[in-house]
Amino acid sequence: TEYYRKFHVEISADEVIVTTGASEAIQFAFLACLDQQEEVIVPEPFYANYNGFAQIADVRIRPITCHIEDGFALPDKAAFERRVTTDTKGIFITNPNNPTGCFYSRESLEELAGLCRKYSLFLFVDEVYREFCYDGQEFFSALNLKGAEEHVIVLDSISKRYSACGARVGSLVTRNK
């Protein structure tokens, strides 16, 4: 929990589930939060293994395309809202994004959190690249989104921050009991 304080996140040990890498954390999140054939909206391009995790959980990835012309920025709130169906149970992002490197601002996260509150969705955020913010950008953790505590699930791994890709230690962090 001390590590997260560097990012102004106050969590307790009972809000962290240690996993065998971020991959297992993602798998647990899908299995715990989504029923078969439910869906998550994911900005694309996205980390290809998300497809496999969804397939194992028998859930669907519903992509929303980001474009190179605007630096792979997140589509606006209205574009996300148009993708929501009765089967949608979450939005899944990686911040900063893998593979594009696009950094999502606090304002973008707040807009997504608003949609999650409005439609009772989970906001899954893979934050394994949080320490790779450049050009003066300051990382803002989804765990700091006020009023979204029941919606936010952060997925993490030590492998990126310590350049130790073989170190299979990750976590699922949420205030949602």
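Just so we're clear, the structure is a prediction, and the values are computed from it rather than from any experiment. (Residues numbered from 1 in each chain as written. Predicted model: local features only at pLDDT ≥ 70, side-chain atom pairs only at ≥ 80, totals over all residues. Heavy atoms only, no water.)

What about unusual backbone geometry?
Between N95 and the following residue, P96, the backbone shows a cis peptide bond with an omega angle of -10°. Inspection of the secondary structure assignment puts P96 in the loop between β4 (88–94) and α5 (106–119). With an omega of 25°, the peptide bond running from N98 to P99 counts as cis. Along the chain, P99 turns up in the loop between β4 and α5. (Helix = DSSP H or I, 4+ residues; strand = E, 2+ residues; numbered from the N terminus.)

Comments concerning the nonpolar core
Core analysis: the biggest nonpolar cluster contains 33 residues, and F80, I91, I93, L123, L145 and V152 have the highest contact counts within it. Mapped by element, the contributors of at least two residues to this core are α1 (2–5), α4 (77–83), β4, α5, β5 (122–126) and β6 (152–157). A total of five residues in this core trace back to one element, the largest contributor, which is α5. Residues in contact with L123, not counting those within four places in the same chain, are I91, L109, L112, A113, C116, L145, H151, V152 and I153. (Core = buried A, V, L, I, M, F, W, Y, C linked by side-chain atoms within 4.5 Å. Buried < 20%, exposed > 50% of the residue type's maximum accessible area, 1.4 Å probe, protein only. Contact = heavy atoms within 4.5 Å.)

With respect to the packing of aromatic side chains
One pass over the structure, following the stated rule, counts seven aromatic pairs. Centre to centre, the rings of F30 and F124 are 5.9 Å apart; their planes meet at 85°, and the pair counts as edge-to-face. Taken as a pair, F30 in helix α2 (residues 21–33) and F124 in strand β5 lie far apart in primary sequence, 94 residues in all. Taking relative accessible area as the criterion, F30 reaches 1% and is therefore assigned buried. Grouping aromatic residues by their ring pairs yields a cluster made of F30, F46, Y47, Y50, F92, F122 and F124. (Phe/Tyr/Trp six-rings, centres within 6.5 Å; stacked < 30°, edge-to-face > 60°.)

Regarding α5
Helical geometry note: an α-helix holds 3.6 residues per turn, so side chains three or four residues apart project in the same direction. For α5, which comprises 14 residues, the first-to-last C-alpha distance of 20 Å matches the rise-based estimate of 20 Å (1.5 Å per residue) to within 8%. Residues L109, L112, A113, L115 and C116 constitute the buried set of α5. Summarising the axial view, the buried residues of α5 lie within an arc of 160°, below the 170-degree limit, and thus occupy one face. Opposite the buried face of α5, at more than 90 degrees from it, the exposed residues are E107 and K118. As for α5, its buried residues are in contact with α4, β4 and β5. Two residues or fewer past α5, S120 is found with a positive phi of approximately 55°. (Expected span 1.5 Å × (residues − 1). Arc of directions from axis to C-beta.)

Overview of the pattern of salt bridges
Scanning the model with the defined rule gives six salt bridges in all. K118 is the salt-bridge partner of E81, the closest N and O atoms lying 2.6 Å from each other. Linking E81 in helix α4 with K118 in helix α5, this pair joins segments that are 37 residues apart in sequence. Judged by its relative accessible area of 23%, E81 is partly exposed. Counted as one network, the salt bridges with shared partners bring together E39, R60, R62 and D87. (Salt bridge = Lys/Arg side-chain N within 4 Å of Asp/Glu carboxyl O.)

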